[in-house]
Amino acid sequence: MDWQQYIHSDPKILLGKPTVKGTRLSVEFLLGLFAAGWTKQQVLETIRLLA
């Protein structure tokens, strides 16, 4: 998978933090969910925008 198709960084959005393209969801936030024990399925069910 080419992550560059999905991840974008723009200084005007979240102060340039990497985000999921077309959203204001930071990669940092999503990684935090996984670090807290969330599964891929839980993330996709909760954040339907990613499904």
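The structure presented is a predicted model; accordingly, all values stated were derived computationally and were not measured.

A. Examining the environment of Ser26 more closely. Examined against the element boundaries, Ser26 turns out to sit in the loop between strand S2 (19-20) and helix H1 (27-35). Looking at Ser26, the relative accessible area reads 8%, which means it is buried. On a C-alpha basis, the gap between Ser26 and His8 in space is 9.4 Å, while along the polypeptide they are 18 residues apart. In contact with Ser26, other than residues within four places in its own chain, are Leu14, Pro18 and Thr19. A polar atom in the side chain of Ser26 sits 2.9 Å from the backbone nitrogen of Phe29.

B. The nonpolar core, seen in detail. In this structure, Val20, Leu25, Leu30, Leu33, Val43 and Ile47 together form the largest nonpolar core, which totals six residues. Dropping the residues within four chain positions of it, Val43 is found in contact with Leu30, Leu33, Phe34, Trp38 and Leu50.

Parameters at a glance
- Residues numbered from 1 in each chain as written.
- Predicted model: local features only at pLDDT ≥ 70, side-chain atom pairs only at ≥ 80, totals over all residues.
- Heavy atoms only, no water.
- Helix = DSSP H or I, 4+ residues; strand = E, 2+ residues; numbered from the N terminus.
- Buried < 20%, exposed > 50% of the residue type's maximum accessible area, 1.4 Å probe, protein only.
- Contact = heavy atoms within 4.5 Å.
- Polar contact = N/O pair within 3.5 Å; in protein donor to acceptor, adjacent residues only side chain to side chain.
- Core = buried A, V, L, I, M, F, W, Y, C linked by side-chain atoms within 4.5 Å.

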